[in-house]
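Architecture at a glance
Read off the chains here:
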Amino acid sequence: MLQTHRIILFVVVLAAASLTVFSQSATFSDPNVEYTFMLPEAAWKMISKPSATSPNVEYVYNDRRIALLSVRKLSIPKDEPLSDVIHDEEAKVQFFQGFVAGKEENFSGNFRGSVFNFEYVSSGRSNSGRYYFLRANDTTVYVLRITGDRDRLKSIRNQTDSIARTFNVKLK
């Protein structure tokens, strides 16, 4: 009986340890930018590191075709409605082949904002975009642009939402 309890305890400890290994998250932080966010999985790989001259960061999820994340900071006129910012970004992608605008959604995490969804075709493949617009203050909006294969992007939506929810500005 005691041996059975030890085996069960060993299996439970082993399962908990394996969950910890597989659910490793990392925090993005860089001295060249004033923001941070959590990456929920090790599959997110940085392909463009921010520098003093280019404060943009880009990540891919395993491969660029699956998902590409880029973060941009937009300076806007004081109290400009977020819908105007979204419309400006939509104007940049509306000429993508097969572009179909999706719905806008309200979004909240560390910052409140909106999400703009769309679909398009690239190299004969169905792709989609999910842009998170996060208002940091009256004159600053961060845009997390995520594009990639339509079906695969849907399957990692919980991860992209998590990245946007954990997006934050460093305290100075």
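Located above this text is the structure these notes cover.
Here goes a summary of the coordinates provided. Remember, it's a predicted structure, so these values are computed and weren't measured experimentally. (Residues numbered from 1 in each chain as written. Predicted model: local features only at pLDDT ≥ 70, side-chain atom pairs only at ≥ 80, totals over all residues. Heavy atoms only, no water.)

This paragraph deals with the pairing of strand S6 (residues 100-108). Across seven bridges, S6 lies against strand S7 (residues 112-122) in antiparallel orientation. The residue of S7 that forms the bridge with Ala101 is Phe118. (Pairing = 2+ DSSP bridges. Helix = DSSP H or I, 4+ residues; strand = E, 2+ residues; numbered from the N terminus.)

Turning to the sheet that holds strand S1 (residues 26-29), a few remarks are in order. Spatially, the three strands line up as an open sheet ordered S1-S2-S10, and their pairing is antiparallel. Both outer strands of the open sheet, S1 and strand S10 (168-169), are each paired with one neighbouring strand and no more. Here four bridges tie S1 to strand S2 (residues 35-39), and the two strands are oriented antiparallel to one another. Residue Thr27 lies in a different strand from S2, and its bridge partner there is Met38. Relative to the sheet, helix H4 (residues 157-166) contacts S2 and S10, its axis offset from that of S2 by approximately 150 degrees. (Contact = heavy atoms within 4.5 Å. Axes fitted to C-alpha atoms, helices over the stretch in contact; angles between N-to-C directions.)

A word on the side chain of Asn117. Residue placement: Asn117 occurs in strand S7. Residue Asn117 is classed as buried on the basis of its relative accessible area of 15%. Among the polar contacts listed, one links the side chain of Asn117 to the side chain of Arg130, at a separation of 2.8 Å. Excluding residues within four positions of it along the chain, Asn117 makes contact with Ala101, Gly102, Lys103, Glu105, Gly129 and Arg130. (Buried < 20%, exposed > 50% of the residue type's maximum accessible area, 1.4 Å probe, protein only. Polar contact = N/O pair within 3.5 Å; in protein donor to acceptor, adjacent residues only side chain to side chain.)

Looking now at the packing of aromatic side chains. Within a pair of aromatic rings, the relevant descriptors are the distance that separates the centres and the angle that separates the planes. Scanning all chains against the criterion turns up 19 aromatic pairs. Ring centres of Phe28 and Tyr59 lie 6.1 Å apart, and the angle between their planes is 90 degrees; this geometry places the pair in the edge-to-face category. On the criterion of sequence distance, the pair formed by Phe28 in strand S1 and Tyr59 in strand S4 (residues 57-61) is long-range, its members being 31 residues apart. An aromatic cluster is defined as three or more aromatic residues linked by ring pairs; in this entry it consists of Phe28, Tyr35, Phe37, Tyr59, Phe111, Tyr142 and Phe167. (Phe/Tyr/Trp six-rings, centres within 6.5 Å; stacked < 30°, edge-to-face > 60°.)

So, to be careful, I would describe these as geometric facts and stop short of saying anything about function.
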